[in-house]
Each structure stands twice: as structure tokens, then as C-alpha cells.
Amino acid sequence: MAFYLNYNTHFFFKFSLLFSLLSFSFSQSDVVEAPSPAADSCNGIFLSYAYSSGTKLKPTDPTHQPYRFESVLTVLNNGDEELKSWKVSVEFQNDEFLVSASNAVLADGTSLPANVGNGTVFAGFPMSDLKTAIETAGDLTQMQVQVQLLGTQFGVAAPDVPLPKNIQLANDGFICPKASMQGKNEMQVCCRKDPKFKANVTVDEEFLPKQSGDLTIMYDVTRTYDSNYWAQVTVLNHNPLGRLDNWKLSFDWMRDEFIYTMKGAYPYVVDSSDCIFGTQGQHYRDLDFANVLNCERRPTIIDLPPTKANDTTLGLIPNCCRNGTILPPSMDPSKSSSVFQMQVFKMPPDLNRSELSPPQNWKINGTLNPDYKCGPPIRVSPSQFPDPSGLPSNTTAVASWQVVCNITQPKGASPKCCVSFSSYYNDSVVPCRTCACGCPSNTARTCSTTAPAVLLPPEALLFPFENRTAMAQAWADLKHRTVPKPMPCGDNCGVSINWHVLTDYSRGWSARITIFNWDETAFPDWFAAVQMDKATRGFQKMYSFNGSALELNGVNNTIIMQGLPGLNYIVGETDGANPKKDPRVPGKQQTVISFTKKNTPGINVAAGEGFPSKVFFNGEECALPSVFPTNNSNREGFTTILSIFLAVFVFIMLHQ
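These remarks concern the structure in this document. Source: prediction; values computed, not measured. (Residues numbered from 1 in each chain as written. Predicted model: local features only at pLDDT ≥ 70, side-chain atom pairs only at ≥ 80, totals over all residues. Heavy atoms only, no water.)

Looking now at the sheet that holds strand E18 (residues 300-303). The strand order across the open sheet formed by four strands is E17-E18-E15-E20, and the pairing between neighbours is antiparallel. Two strands in the sheet have a free side with no partner beyond their single neighbour: strand E17 (265-267) and strand E20 (360-365). Averaged over all pairs of adjacent strands, the angle between their axes in this sheet comes to 25°, without regard to strand direction. Pairing analysis gives three bridges linking E17 to E18, with the strands arranged antiparallel. Within E18, the residue paired with Tyr266 across the bridge is Ile302. (Pairing = 2+ DSSP bridges. Helix = DSSP H or I, 4+ residues; strand = E, 2+ residues; numbered from the N terminus. Axes fitted to C-alpha atoms, helices over the stretch in contact; angles between N-to-C directions.)

Take a look at the structure:
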């Protein structure tokens, strides 16, 4: 009797549930898009994004109201191959501000909380690989990961649902159709392998192959113990025009690790207070935290000066201690890397020698260098190092991860250098653009941020911008030109480069390059590069710099230059001979570059083909003028006399 009642009760419950599901399905029949394949009918990678809940937040704002949202991103491997280092792109569209995400990090290295309103890519952490049902007998804990998302979105109130535009797998070799709706709160998609994609790794390989990028960082665990391990960090520069000066490297510890000691580099802040007052101090009661170097969740690491290279405590690491300078391999391969080691202490429950977890959200930058965006650490085959004893054998790392960084231009970022143009056939200089490297914060009463830069006499390039006003106005009067009121703002660039077309004759032509350093920071081992779309094939020689043609991306249109041995150092800006009267003097270097027309027949130097289309200094792309000097055939014969008179007049005015 009891069995009969239980059976009927169970049957009634199942029937009721089925009726409810059918009723829900019919009530949702007005959904525009048809539902995508359900998880059980997907023979690839199944993705879903489900909105869970949301509430209104303060402050009240009718035009930009914030709302809390909670969502779940699901990644399920229903394929026949293991999905290594999964990545999913979520195209957020409601100005979302993500506060937390479980089981994942942002693939571009950004730490949470972060603005993801323009979309973002999630990467798996700590579970980065998803196994198949075949090799796990259908164990969802190894096949699937669910990312709990919590954040703020703007403008989407109930009953509307703040879903992203689309979701798709970001791993190479997969094809994802547009995600379709499942009801009103969920979108799903099934991504399948691209039959045309040729992978460079076989299914049997345990780790992904090492990737290429502008800059790579290797995180190699060389020794491991129950409570701590030693890691070697190697920064390698691969870009022929990329470099770093005074580099700073930062990352996030995800499991409460801390740095005990280091060799070859040092924390920017030495502080153990977070450990002393945190869980680390409670666990390691017998550890002397006075010797701990850093306990920050996101430490910043800096390079050591060359004087520490042979220090028995801090140095004796190959390729360490270069004051944070990493040169491009095209300049000096022996100086294109930087290495340091650190001893990392772990926390429970990771207290065994095989439990190893690399830090996440890597970021590296330098002074007047390109911006780099770094991906997540990817597990790769263990690195091999020469045996320290000198024996003809290699030592293998315990575990290795690779971080790939590429040069990027952040939205709204300003250059750090600029270029001015001049020529023998025009006595005016086209200066750097107004606000080329950013505008001053308060310009209301001092200068115009929109007025075009005013043409200058050549000698004005030797003066700081704030000392050029009298020269610019006097030059405009001589040339019968009007000047804007207020005058345009300066370029605000730390480095400016003047490209002057010096000569142009039947068989060749030449240019003069002058580099001005208007900052107080000196540039050792500097280099510059110019892209000449139609002139590079005619490059002959540089007379005060080392210069050579360089092929980039299969195109031979770049000339790279650097100072000669002993002259590859540009000093910073210094005071004049009489600081009370004389303007500050920039550090500068100059050379002449010659070209032949034999390999570039028909080149029109005066029409602009003698000017570069791109200029780089220390890997940073510089701002160029928007116009070229014109060929002024009506110059007065006494222009030179007027220039001398003007220079004397301005000199007298400045020294009164």
C-alpha cells in the first residue's frame, strides 16, 4: 500500500513538473529567435549565459540608473577532444562594471573590479582545461565550469533582461553561430570544430605549444617544497621595434601567496604588514616576517641596477640587473631579455609540493615605451636550462607557464613623442601638432587646444615651447601671417624629432634628423625608426648614427637607427648657462642620412615622398604633422638676412 502511494505521488509530481514545463514553453512561444541546440544535443563546446537576478542601486538617476546583476556563464565540453585553456568572449552592451567572477579571470590581464561595457574575454582559473565525457565517464566536475558573475549594469530595468549581444568561444579552431535565446533570461550557443583549421599541436600532447607575441613572460617553477617554491621569471622581447626602459612588472596572487626573497629584481614596495595582520601570520607563526619582502596581493616588481649583478645576495642571475632596460632583438639580442627569481610561500590548502598555481593578471610597462596587453598564463611544456654545474646536460623546470603580451594602443591614449617637418625649399618649420602628446589641464586663459600649430623659424626648435611665443609672432609678422588668439597650446611631448629634407638633386637626396629630449630622463641605448613608403630602397648611409634597413611584416620600408658606440646616450633637459635668463637646453643628437634615386626612380621628394609616414622612438610611435612644407618658389632673396635680424631681435628681447 505504501509502495502504491509513493509511486502515485512520484508519478503525480513528474506529471505536474512536465505540465509546468509545457505551460512555460507555450507562454514563451512569442520569443523572436528560435532556441539553439540544448546541451544534450551539442557535440561541441556548449556555452550559455543565464541572467539570475538584479536589483536597483543608488543613486537614483533617470538617465543612467545603476542596477545590480547576477549571471552564470557555463562552459561545457561535449566534444571528443580536451579543451585546453578555454576562453569565452562575452559582448556586454550595458556599460557593465564587473565586480567578481568565480572560476575565471579576464584574459587581457585586467584585475577585478573592472569596466567591461565594451565586452571582455574570460579565461579559466583555476580550472583552465575541460576534459571530455569519454575520458571522465561523464563527470561534469571535469567537463564543465560555471562562472558566477556579479556586477553593475546601467539602464536595463525589470522586466527587461540585461543580456550581452553575443557569447562565443575565443579559442582558435572553433566555429560559433550567433547565440540564440532560451526563454527571456538565457542565451545559448554550440561551438563546433572548424574542419579547415590546422592545429600546431596533436591531441596526445599534454601541454599547449608556446605562442608568439611582441613580448613573452615565462614563469618556471624550478624548485618546489610543501610550503614554498622557487620560480624563475623570464621576460623576452620579440618585437624588432619594441623595448622597455625602467620596466615595472605586476601580477595578482590568487591564493594568498607572498614573496619571501628575490634575486635579480626587487619589489617596488617592501612591506610585510599584510602578512603580519592577515591569515599568513596566523599560519606561519614561527616565520620571521621581518625578512619577508612583500605581502601585497598585487606586488610591483622592478629591475636592479647593474651594480647588483654580482651581488651574492641579490644578483648572480644571468641577464639580470640592467636597470629595467630590455632592448629589441634587432638592436642587441644579448640585451633583449630580463630574468629574476623569487621564493614564493603558499597557504592552505595548497601545502604540498605538487600544488602549484601561477599568479594572474600580468601587466608590464616602462618609461616612454609602447603599451603592452598581456594574456593569462598558459601551461606549456617545462622549460629546460643549462645545468648549473657546467655538465653537458639540461635541467628541466618542474612546471612552466607562458604569458603572451602584445603592443596595443589604449583608447584615448596620447603619444609620448612628436615630429616636426622642415626642408631646404621652405624657410618655415611645420612644428609638432597642438597637444600632440596631450593638453594641459587648465587652458582656459592661456592657450587654445584647437588652434593649429603656428609655423616657426628653424632656430625656434632649440627653445622650449614656452619661450617660442615671441619668435612665432615675430616670424608671422615677417611672413604677413595672422596668429590665433589665444595662441595654440604646446605639444607637451617629452621627445621631439625634426626631419629636415636637406638636399635634392638628380641622382639622390639627403635629410637631417635631430632628436630633442625635453624631459629630465636620460635615454641610454636609445633607438629610432622611420617608415619610408617609397624611399627605403634608396637608403645609402647615416653619418653620425648606425643605420640599417629593416623588414617588418614582410615589407622592406623601415630604417632603424641608434647612436654609435659611446654616443648612444641622450641626456635629459638641463639649465642654460645663466638659469635666470637662459632657457633650459634639451638633450639632442643629430645625423645626416643619404639616399640614392637609382633604386627609386620617379620619387618626388618635394611632394612629400621624402618625409616618413611613421616615426618611432624607443618603440613608441610618434605624432606626425598633418601637412608637409610647401615648395615656396617666391622666397625673397633677403630671407636669410631677415632670419638673422629676427634671431638677434628675439635674443635682445629675451635678455632684457
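This brings us to the nonpolar core. Ile497, Trp499, Trp509, Trp526, Ile593 and Phe617 are the most contacted members of the largest nonpolar core, which totals 35 residues. Looking at this core, the elements that each hand over two or more residues are strand E26 (417-423), strand E28 (495-504), strand E29 (508-517), strand E31 (527-531), strand E32 (539-542), strand E34 (555-563), strand E36 (587-596) and strand E37 (614-617). Look past the residues within four positions of Trp509 in its chain and what remains in contact with it is Trp499, Thr503, Asp504, Met532, Ala535, Ile593, Ser594, Phe595, Lys597, Ile603, Val605 and Gly610. (Core = buried A, V, L, I, M, F, W, Y, C linked by side-chain atoms within 4.5 Å. Buried < 20%, exposed > 50% of the residue type's maximum accessible area, 1.4 Å probe, protein only. Contact = heavy atoms within 4.5 Å.)

Moving on: the state of the cysteines. One pass over the full model with this rule turns up nine disulfides. What pairs with Cys275 in a disulfide is Cys295, and their sulfur atoms sit 1.9 Å apart. Here Cys275 and Cys295 share a disulfide; its torsion about the S-S bond, -105°, makes the bridge left-handed. With Cys275 in helix H4 (residues 273-276) and Cys295 in the loop between helix H5 (279-283) and E18, this pair connects stretches of sequence that are 20 residues apart. Of the residues examined, Cys275 reaches a relative accessible area of 0% and is grouped as buried. The side chain of Cys417 participates in a disulfide bridge whose partner is Cys622; the two sulfur atoms lie 2.0 Å from each other. Judged by the sign of its S-S torsion, about -95°, the bond between Cys417 and Cys622 is left-handed. Here Cys622 lies in the loop between strand E38 (620-621) and helix H8 (639-654) and Cys417 lies in strand E26, a separation of 205 residues in the sequence. Considered together, Cys417 and Cys622 belong to a single accessibility category, that of buried residues. (Disulfide = S-S within 2.5 Å.)

Another point: the pairing of E26. Taken across its seven residues, E26 has seven buried, putting it largely inside the fold. The pairing of E26 with E28 spans seven bridges and is parallel. Residue pairing across strands places Ser420 opposite Asn498, the latter belonging to E28. Bridging between E26 and strand E27 (residues 426-430) involves two bridges; their strand directions are antiparallel. Counterpart to Phe421 in the pairing with E27 is Val430. Counted between consecutive antiparallel strands, the loop separating E26 from E27 contains two residues.

Looking now at the environment of Met342. By secondary structure assignment, the location of Met342 is in strand E19 (residues 337-345). Under the relative-accessibility criterion, Met342 is labelled buried at 0%. In this structure the C-alpha to C-alpha distance between Met342 and Val221, which are 121 residues apart in sequence, comes to 9.7 Å. Excluding anything up to four places from it in sequence, Met342 contacts Tyr219, Tyr229, Trp230, Ala231, Val233, Phe251, Trp253, Ile259, Thr261 and Met262.

Let's shift gears to the packing of aromatic side chains. Each aromatic ring pair is summarised here by two numbers: the centre-to-centre distance and the angle between the ring planes. One pass over the full model with this rule turns up 22 aromatic pairs. Arranged with centres 5.3 Å apart and planes meeting at 50°, the rings of Tyr260 and Phe345 form a pair that is tilted. In this pair, Tyr260 sits in strand E16 (residues 258-263) while Phe345 sits in strand E19, placing the two residues 85 residues apart along the sequence. The two residues Tyr260 and Phe345 agree in class, both being buried. Members of the aromatic cluster, each reached through a chain of ring pairs, are Tyr219, Phe251, Trp253, Trp362 and Trp401. For Lys248, the ring lying beneath its charged end belongs to Tyr268, and the centroid distance is 4.3 Å. Sitting above the plane of the Trp401 ring, Arg379 keeps its charged end 5.0 Å from the centroid. (Phe/Tyr/Trp six-rings, centres within 6.5 Å; stacked < 30°, edge-to-face > 60°. Lys NZ or Arg CZ within 6 Å of the ring centre and 35° of its normal.)

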